[in-house]
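Next come the chains, spelled out residue by residue.
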Amino acid sequence: MRSLILYGLFYTSLTFGVWTALLFAYFHHSHVSRESNKIQEPSSFLSLGKKEYHQLVRTTERTPEQHARDRHLDRDRPRRRIFPPMSQTKFNFSNPEHLNELSTYGFNSIFSRRLGGMREVPDTRDKKCYHKNYPVHLLTASVIICFHNEEFNALLRTVSSILHLTPPYFLQEIILVDDKSEFDDLQGKLEYHLEVFQRNIKLVRNKRREGLIRSRLIGADSATGDVLVFLDSHCEVNRVWLEPLMAAIAENHHVVVCPVIDVIDTMTLEYRPSPLVRGAFDWNLQFQWDTVFSYEMDGPDGPTKPIRSPAMAGGIFAIHRLYFYEIGQYDKGMELWGGENVEISLRIWMCGGQLFIIPCSRVGHISKKHLENSLAIKKAKLRNSLRVAHVWLDEYKDNFFLQNPSSRHTKYGDISERVELRKRLRCKSFQWYLDSLFPDLEAFMSKEREEIK
Ligand SMILES: *[C@@H]1O[C@H](CO)[C@@H](O)[C@H](O)[C@H]1NC(C)=O
Ligand SMILES: [Mn+2]
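Residues numbered from 1 in each chain as written. Chains lettered and ligands numbered in written order. Predicted model: local features only at pLDDT ≥ 70, side-chain atom pairs only at ≥ 80, totals over all residues. Heavy atoms only, no water.

An unreviewed UniProt entry annotates the protein as Inactive polypeptide N-acetylgalactosaminyltransferase-like protein 5 of Dipodomys ordii. Word for word, the UniProt comment on the protein under Sequence similarities (unreviewed entry) is "Belongs to the glycosyltransferase 2 family. GalNAc-T subfamily." (UniProt positions renumbered as here; feature names shortened; annotations may be inferred.)

Next comes the structure, spelled out in structure tokens:
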């Protein structure tokens, strides 16, 4: 019996050794052949796709422990893909068809199609993050992604990057909320592609257009995980993105956390790291990034320390599901999107919670170009901001009206439910918020800033 076990052990280890050697040889070989390919490829303007291509096939360097931990993901690794010739996929600004694509999707969709539904992105975390350990089997997450007329591959990359880089034991489900999209490929074709993943992905379709805010509430209602993780439909998550967010929430359920939002270039779709910043806003209630000074990163945890943030950008954050309901979800009277991020940020801080950006968690995001110009969005943003001003700014709402004199008489709907909520939660004053968050917040909000276009 004993010799049988030894016999078994011997062959198991032999098989393991042979496989390791084969894998090593394979990766070594493909690395070498990639290097030689690189030299032959012509480089030209707008053929930045080459870089993407190399990001796709590059195997990220990891420590053995990380490798062991991530091993279960390897079967999902993207394979090399054959792309059509560059000339067919370059973005041509004089071509009306291409410009039409840009205004339809808000980014270079031609390139997105070429990238397809899955790629690898560079690990942009600070090296100190590699050595962090996070407890496992803490809480489970429901990832909620709302979309409206999203480019098919951008949406698919969002989903595939989550499935590829999230440990299964954290991931309760992915919930996709289709806010009445009109594009054909987001109907049957999407359902087919989601089935292929063979994972717990729910697809909810709104019967009429609800806007981002109500769509998120619909997604949250069908979530069964402990933590709600909201993502935009044009993101790609990075390595070990969810663990730090979950660990922070597990430690304190009244903490709301955001990853650092890396840049996926609108035209080249290149994935680039963002510097450490915190979120704030001006008296227009327009969200702004603010630098974090190096002295604030002092201490043993240095650049991995959570950053207290006065506000969140809005698209990407994680919150305990029960806490989300406890503090009043979202303002259902808001339309489409805009302003909801400032509202939830003020509510979190003023009503006893905390909001942090977690530097070791990184998620890439495409900043879309066209939406800002749509009249419907502008109207929704003003209405939503007015609701924020009237419910949360106290005497400081005059500062908002100084910026928007014509909006003094604009209608913004019934806010009594939100005023009631503020009373019920015994929230602090806006003055408290200004004084407490960081010393220069008030000066920051008043600073003249160039219009970012
Ligand atoms: C760009 O599009 C215009 C108009 O369709 C065409 O005349 C031109 O040749 C194109 N340029 C390139 C480099 O493909
Ligand atoms: Mn977005």
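1. A few points about the packing of aromatic side chains
All chains considered together, the criterion is met by 14 aromatic pairs. For the ring pair phenylalanine 230 and phenylalanine 317, a centre distance of 5.0 Å and an interplane angle of 35 degrees mean the geometry is tilted. Placement of phenylalanine 230 in strand β4 (residues 227-231) and of phenylalanine 317 in strand β11 (residues 317-320) is noted, with a sequence separation of 87 residues between them. Under the relative-accessibility criterion, phenylalanine 230 is labelled buried at 0%. For phenylalanine 317, a relative accessible area of 0% corresponds to the buried category. When the ring of phenylalanine 430 is compared with that of tyrosine 433, the centres are 5.5 Å apart and the planes differ by 25 degrees; the resulting orientation is stacked. Of this pair, phenylalanine 430 and tyrosine 433 both sit in helix α15 (residues 430-437), separated by three residues, roughly a single helical turn. Under the relative-accessibility criterion, phenylalanine 430 is labelled buried at 0%. (Phe/Tyr/Trp six-rings, centres within 6.5 Å; stacked < 30°, edge-to-face > 60°. Helix = DSSP H or I, 4+ residues; strand = E, 2+ residues; numbered from the N terminus. Buried < 20%, exposed > 50% of the residue type's maximum accessible area, 1.4 Å probe, protein only.)

2. So, the site of ligand 1
Taken together, Asn92, Ser94 and Asn95 make up the full set of residues adjacent to ligand 1. One of the side-chain nitrogen or oxygen atoms of asparagine 92 is found 2.4 Å away from an oxygen atom of ligand 1. Protein chains bury 29% of the 360 Å² of accessible surface belonging to ligand 1 in isolation. (Near = heavy atom within 4 Å. Polar contact = N/O pair within 3.5 Å; in protein donor to acceptor, adjacent residues only side chain to side chain. Areas by Shrake-Rupley, 256 points an atom, 1.4 Å probe, with all protein chains shown as cover.)

3. Brief notes about helix α12 (residues 375-392)
Here α12 contains 18 residues, and its C-alpha end-to-end distance of 26 Å stays within 8% of the 26 Å for a straight helix at 1.5 Å per residue. Within α12, the full set of buried residues consists of Ile377, Ala380, Lys381, Asn384, Ser385, Leu386, Arg387, Val388, Ala389, Val391 and Trp392. Packing partners of the buried residues in α12 comprise α8 (211-221), α11 (340-350), α13 (397-403), α14 (416-424) and α15. Once α12 ends, the next one or two residues include aspartate 394, with phi positive near 50 degrees. (Expected span 1.5 Å × (residues − 1). Contact = heavy atoms within 4.5 Å.)

4. Looking at the state of the cysteines
Counting across every chain of the model gives two disulfides. Between the sulfur of cysteine 129 and that of cysteine 360 lies a disulfide, 2.1 Å long from S to S. Where cysteine 129 bonds to cysteine 360 through sulfur, the torsion about that S-S bond is close to -80 degrees, and the disulfide is left-handed. Note that cysteine 129 is positioned in the loop between α5 (109-115) and β1 (141-147) and cysteine 360 in strand β12 (residues 354-366), a separation of 231 residues in sequence. Using a relative accessible area of 2% as the deciding quantity, one classes cysteine 360 as buried. Disulfide connectivity for the protein, with bonded cysteines indexed by sequence position, reads 1-3, 2-4. (Disulfide = S-S within 2.5 Å.)

5. Remarks on the pattern of salt bridges
One pass over the full model with this rule turns up 24 salt bridges. The shortest N-O distance in the salt bridge between glutamate 173 and lysine 202 comes to 3.0 Å. With glutamate 173 in strand β2 (residues 171-178) and lysine 202 in strand β3 (residues 201-205), this pair connects stretches of sequence that are 29 residues apart. Its relative accessible area of 1% is what places glutamate 173 among the buried residues. Lysine 202 sits in the partly exposed class, given a relative accessible area of 27%. A salt bridge links aspartate 179 to arginine 209, with the nearest nitrogen and oxygen atoms 3.1 Å apart. Of this pair, aspartate 179 sits in the loop between β2 and α7 (188-197) while arginine 209 sits in the loop between β3 and α8, and the two are 30 residues apart along the sequence. Overall, aspartate 179 belongs to the buried group, its relative accessible area being 3%. The network of salt bridges with shared partners includes Arg208, Glu210, Arg214 and Glu335. (Salt bridge = Lys/Arg side-chain N within 4 Å of Asp/Glu carboxyl O.)

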